[in-house]
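For reference, the chains in residue letters:
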Amino acid sequence: MEIIIAPTYEEMSQISAQFIAREIKRKHDLVLGLATGDTPIGTYKELARLHNEEGLDFSKITTFNLDEYIGLPPLNKNSYNYFMQDNLFKYINVNQANVYVPQGNTEDPEEFCEWYEAQIKRVGGIDLQILGIGGDGHIGFNEPGSSFASRTRVKALERQTIEDNARFFDREEDVPRFAITMGVGTIIESKKILLIANGAKKARIVAEFIEGPVTCQITATALQLHTHATVILDETAASKLKRKVYYNWVRNNKHIIQKMVGR
Ligand code: F6R
């Protein structure tokens, strides 16, 4: 994994938006996996700015979101469908026909999950998947204990996730107990992965997932097995990493390595 430590949340967001923009410029019909939550809001703002001010073109991309709460229709303000429209899609020129977000109010979740997997396969897989990380180390809603081979499915949420996400709802009882989520297996088949994390409350889990042993109890550790995973952190989220000096050295000397391998 390549680890990039930015001084602030704003810079973390700028670097990750630039990373995504580079991939879109390289492949105009990029298949982009998207996450919701607080973490990517700054990145999405910056992508909207790149579209408005620098003409970044999203018209040919296809997007797949990681997850959605079971029981929430797309127009519910707490649904991830709504979040995506409100924080990104309405600001860019993405073709809505190429936007996929799991449907929380589907009548047959199991059949829906199979269909979702088939759509990802139909477009040739995800080129770049954006991820955040939960306090319990989850990616998507792959709670501790999720198999690294898991596919898109219905998952029961952990107590900690319900408590963490209660801030978006009027009452904790309103937080749905189940979600549809891409599996860990679905996520790690993406050609590239970009995980972003910020804030002191993520520092412990960030250190565990980057420098601890690979385990299904912290599903983000699956990224250690991926060949093209990048992690962008702000200073506070990086504060408990033991090998910070090394990560910074590698980043600052990347040009030397690239020269050596002729790239
Ligand atoms: C959201 C998702 C989750 C979040 C994670 C962190 O689509 O898949 O894994 O990325 O819970 O959430 P925030 O960013 O709110 O801390």
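Up top is the structure.
Before going into details, it helps to say that this report is about the structure given with it. (Residues numbered from 1 in each chain as written. Predicted model: local features only at pLDDT ≥ 70, side-chain atom pairs only at ≥ 80, totals over all residues. Heavy atoms only, no water.)

**So, the nonpolar core**
Argument step 1. Among the nonpolar cores identified, the biggest contains 36 residues, and L195, F209, I210, L233 and L241 are the most heavily contacted of them.
Argument step 2. Looking at this core, the elements that each hand over two or more residues are strand 1 (2-6), helix 4 (109-122), strand 9 (192-197), helix 7 (203-211) and strand 10 (229-234).
Argument step 3. Beyond its immediate stretch of four places on either side in the chain, L195 contacts L131, G132, I133, I139, F209, L223, T230, V231 and I232.
Argument step 4. Membership of the second largest hydrophobic core comes to 30 residues, among which are I4, I20, L56 and I232. (Core = buried A, V, L, I, M, F, W, Y, C linked by side-chain atoms within 4.5 Å. Buried < 20%, exposed > 50% of the residue type's maximum accessible area, 1.4 Å probe, protein only. Helix = DSSP H or I, 4+ residues; strand = E, 2+ residues; numbered from the N terminus. Contact = heavy atoms within 4.5 Å.)

**Some words on the site of the ligand**
Argument step 1. As a structural note, the neighbourhood of the ligand is formed by 14 residues, with T39, D67, H138, G140 and K202 the closest of them.
Argument step 2. One nitrogen or oxygen atom from the side chain of D67 is found 2.7 Å from an oxygen atom belonging to the ligand.
Argument step 3. Between the ligand and G140 there is a distance of 2.7 Å, counted from an oxygen atom to a backbone nitrogen or oxygen.
Argument step 4. About the coverage of the ligand: the protein hides 94% of its 410 Å² of free accessible area.
Argument step 5. Looking at the shell around the ligand residue by residue, the class counts come to three nonpolar, seven polar and four charged. (Near = heavy atom within 4 Å. Polar contact = N/O pair within 3.5 Å; in protein donor to acceptor, adjacent residues only side chain to side chain. Areas by Shrake-Rupley, 256 points an atom, 1.4 Å probe, with all protein chains shown as cover. Nonpolar A, V, L, I, M, F, W, Y, C, P; charged D, E, K, R; others polar.)

**Points about the environment of D57**
Argument step 1. Here D57 lies in the loop between helix 2 (41-54) and strand 3 (62-65).
Argument step 2. For D57, a relative accessible area of 34% corresponds to the partly exposed category.
Argument step 3. Through-space distance from the C-alpha of D57 to that of N87 is 17 Å; in sequence the pair is 30 residues apart.
Argument step 4. A polar side-chain atom of D57 sits 2.9 Å from a polar atom in the side chain of S59.

**Here's the deal with the sheet that holds strand 10**
Argument step 1. Sheet architecture is open: seven strands sit in the order 1-10-9-6-2-3-5, paired in parallel fashion. Edge positions in the open sheet fall to strand 1 and strand 5 (99-100), since each of these has one partner strand only.
Argument step 2. Note that strand 1 and strand 10 share five bridges and pair parallel. The residue of strand 10 that forms the bridge with I4 is I232. (Pairing = 2+ DSSP bridges.)

**Points about the state of the cysteines**
Argument step 1. Following the criterion strictly, the structure yields zero disulfides and no others.
Argument step 2. In this structure C113 is a free cysteine whose sulfur lies 19 Å from that of C216, the closest cysteine sulfur available.
Argument step 3. Look at C113 and you get buried, because its relative accessible area is 3%.
Argument step 4. Its relative accessible area of 27% is what places C216 among the partly exposed residues. (Disulfide = S-S within 2.5 Å.)

**Topic: the side chain of T152**
Argument step 1. You can see T152 is positioned in the loop between strand 6 (128-131) and strand 7 (153-156).
Argument step 2. At 2.8 Å, the side chain of T152 forms a polar contact with the side chain of E117.
Argument step 3. Setting aside its immediate chain neighbours within four residues, T152 contacts C113, Y116, E117, I180, T181, M182, G183 and T186.

**Concerning the pattern of salt bridges**
Argument step 1. Under the defined criterion, the tally for this structure stands at 19 salt bridges.
Argument step 2. For E189, the salt bridge goes to R151, with nearest N and O atoms at 2.8 Å. Note that E189 is positioned in the loop between helix 6 (184-188) and strand 9 and R151 in the loop between strand 6 and strand 7, a separation of 38 residues in sequence.
Argument step 3. When the shortest N-O distance is used, the salt bridge between D174 and R171 registers 2.8 Å.
Argument step 4. Looking at R171, the relative accessible area reads 47%, which means it is partly exposed.
Argument step 5. One network of salt bridges, with partners in common, ties together K27, D29, D127 and K191. (Salt bridge = Lys/Arg side-chain N within 4 Å of Asp/Glu carboxyl O.)

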